[in-house]
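As a plain string of letters, each chain reads:
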Amino acid sequence: MKKGRGLRAYVEISNVCNLNCSFCPGTKRAPRVMSRSEFRLSCERLYGIADELLFHVMGEPLCHPELDDLLKIAGEYGFKVSITTNGTLLDAKKDLLFDNVNVIKRVSISLHSLEGNGKGDMDKYLSSAVSFAKRLASLGSFAVFRLWNLDSESALGKNSENGKIESYLKEAYPGEWTKRYSGYRIAERTFLEYDGVFIWPSESELAPEDEGSCHALRHQIAVLADGTVVPCCLDSEGQMPLGNIFDTPLSDILKSETAVLMQKGFEEGRLYHPLCKKCSFRHRFNKE
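The model shown is predicted, which means the values in this text are computed figures rather than measured ones.

> Whenever I open this one, the state of the cysteines confuses me. Can you help?
By definition, a disulfide is the covalent link that joins the sulfur atoms of two cysteine residues. Per the stated rule, a full pass over the model turns up zero disulfides. Cysteine cysteine 276 shares no disulfide, and the gap to the nearest cysteine sulfur, in cysteine 214, comes to 6.4 Å. Classification of cysteine 276 as buried rests on a relative accessible area of 10%. Here cysteine 279 is not cross-linked by a disulfide; its sulfur's nearest cysteine counterpart is in cysteine 232, at 6.3 Å.

Structure below.
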């Protein structure tokens, strides 16, 4: 693979989801899935600029009706793909995912989704997730369980089921858990991550700030389901459009005036766009 510029590209192959979780604002954009031809064009224009594709912004990627084809197209361009899923469709899609394991770098399973959705059989859900994760890890890819529902200064997560989830994982992975900055390594190529609830910038009522930094444009970009390129995966409504990858080469989009001003501002510790000024997530990057 031609080496890229170190960017991680969040590619929203679908903004459609099968759940309605309390922690997710959803999107006001029209429901849309990226077609095979649109995805291929995206890969062509990301090639040499991005090093990794992440199927995530809004929506549930396992809902995409042509997921198998998309993974194979990504593989043709030499990309490794990371997938973030709510985990409810793993049983239905496991054979497809295992057949494409050579392309898949990591699958992150948001175990807080079931409680956040307010319904579902937790034991059945966890059994499916663990069974999938063990098989995935045995095939050489990474499995990541997420509990991103801890209380934070700005929000309260629905996390009354966390103890049950942790106990289930302890029984499923009885070996020594190794502490890491974000949680634990609980087995070979298997991790449990914790994080607090964060407010999406589009929903934020925080007072704007002028100073700060972010990984956007320097380490990541995002492509929404309609091809709109935005600086980061937290722009769930496409409020910072830089261009459209279906119409314009990404190299030109990244040279646009807005993109250049934003990146320069991040490098100098200044926030250029109004949405960035209200983003709480980027506070973790202020130490850069």
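Next comes the rest of the description.
> Explanation requested: the pairing of strand β7 (residues 183–187) in the structure shown.
Two faces, one strand: in a regular strand the side chains alternate between the faces of the sheet. By the bridge criterion, three bridges tie strand β6 (residues 178–180) to β7 in an arrangement that is antiparallel. What sits directly across from lysine 179, in β7, is tyrosine 184. Counted along the chain from β6 to the antiparallel partner β7, the turn is two residues long. When β7 meets strand β8 (residues 190–196), the two strands line up antiparallel, connected through four bridges. Counterpart to tyrosine 184 in the pairing with β8 is leucine 192. Where β7 folds back on β8, the antiparallel hairpin that results is connected by two residues, among which arginine 189 adopts a positive phi of roughly 55 degrees.

> What exactly am I supposed to notice about the environment of asparagine 15 here?
Along the chain, asparagine 15 falls in the loop between β1 (7–11) and α1 (36–46). Placed 209 residues apart in sequence, asparagine 15 and leucine 224 show a C-alpha to C-alpha distance of 8.0 Å. Non-local contacts of asparagine 15, meaning those with residues more than four positions away in its chain, are made with Thr27, Arg29, Ala30, Pro31, Arg32, Met58, Gly59 and Ala225. Within polar-contact distance, the side chain of asparagine 15 engages the backbone oxygen of alanine 30 at 3.0 Å. Of the polar contacts made by the side chain of asparagine 15, one reaches the backbone nitrogen of arginine 32; its length is 2.8 Å.

> Is there a simple way to explain the packing of aromatic side chains in this structure?
Two aromatic rings, taken as a pair, are described by how far apart their centres are and by the angle between their planes. Enumeration according to the criterion identifies seven aromatic pairs in this entry. Relative to tyrosine 77, the ring of tyrosine 47 has its centre 6.3 Å away and its plane inclined at 65 degrees; by these criteria the two rings are edge-to-face. Here tyrosine 47, found in the loop between α1 and β2 (50–55), pairs with tyrosine 77, found in the loop between α2 (67–76) and β3 (80–85); they are 30 residues apart in sequence, far enough to count as distant. You can call tyrosine 77 buried: its relative accessible area is 18%. Among the aromatic residues, ring-to-ring pairing joins Trp177, Tyr184 and Tyr194 into one connected group. Stacked on the ring of phenylalanine 98, the Lys or Arg arginine 135 has its end atom at 5.8 Å from the ring centre. Sitting over the ring of tryptophan 177, lysine 170 keeps its end group 4.0 Å from the ring centre.

> Where do I start with the environment of leucine 250 in this structure?
When you line up the elements, leucine 250 lands in helix α7 (residues 250–253). Overall, leucine 250 belongs to the buried group, its relative accessible area being 1%. Separated by 206 residues in the primary sequence, leucine 250 and glutamate 44 have C-alpha atoms spaced 9.5 Å apart. Among residues more than four places away in sequence, those in contact with leucine 250 are Arg45, Leu46, Ile49, Ile221, Val229 and Ile245.

> Any chance you could explain α1 here in plain terms?
Residues spaced three or four apart along an α-helix face the same direction, because each turn holds 3.6 residues. When we look at burial in α1, the residues that qualify are Glu38, Phe39, Ser42, Cys43 and Leu46. An end-on view of α1 places all buried positions within 140 degrees of arc, on one side of the element. Where the residues of α1 are buried, they touch β1, β2, α2, β9 (220–223) and α7. Two residues or fewer past α1, glycine 48 is found with a positive phi of approximately 85 degrees.

> Looking at this model, I keep getting lost on the packing of α1 against α2. Mind explaining?
Geometrically, a packed helix pair is captured by the angle between its two axes and the distance between the axes. Viewed as axis vectors pointing N to C, α1 and α2 meet at an angle of 25 degrees, and their least axial separation amounts to 10 Å. One element, α1, and the other, α2, form an angle in the roughly parallel class. At the point where α1 passes α2, the crossing takes the right-handed sense. Contacts between α1 and α2 pair Arg36, Phe39, Arg40 and Cys43 from the former with Asp69, Leu70, Ile73, Ala74 and Glu76 from the latter. When its residues are assigned to classes, the contact of α1 with α2 shows five nonpolar, no polar and four charged.

Cut-off values and rules
- Residues numbered from 1 in each chain as written.
- Predicted model: local features only at pLDDT ≥ 70, side-chain atom pairs only at ≥ 80, totals over all residues.
- Heavy atoms only, no water.
- Disulfide = S-S within 2.5 Å.
- Buried < 20%, exposed > 50% of the residue type's maximum accessible area, 1.4 Å probe, protein only.
- Pairing = 2+ DSSP bridges.
- Helix = DSSP H or I, 4+ residues; strand = E, 2+ residues; numbered from the N terminus.
- Contact = heavy atoms within 4.5 Å.
- Polar contact = N/O pair within 3.5 Å; in protein donor to acceptor, adjacent residues only side chain to side chain.
- Phe/Tyr/Trp six-rings, centres within 6.5 Å; stacked < 30°, edge-to-face > 60°.
- Lys NZ or Arg CZ within 6 Å of the ring centre and 35° of its normal.
- Arc of directions from axis to C-beta.
- Axes fitted to C-alpha atoms, helices over the stretch in contact; angles between N-to-C directions.
- Parallel < 35°, antiparallel > 145°, perpendicular 65-115°, else oblique.
- Left-handed = near helix turned anticlockwise from the far one by under 90°.
- Nonpolar A, V, L, I, M, F, W, Y, C, P; charged D, E, K, R; others polar.

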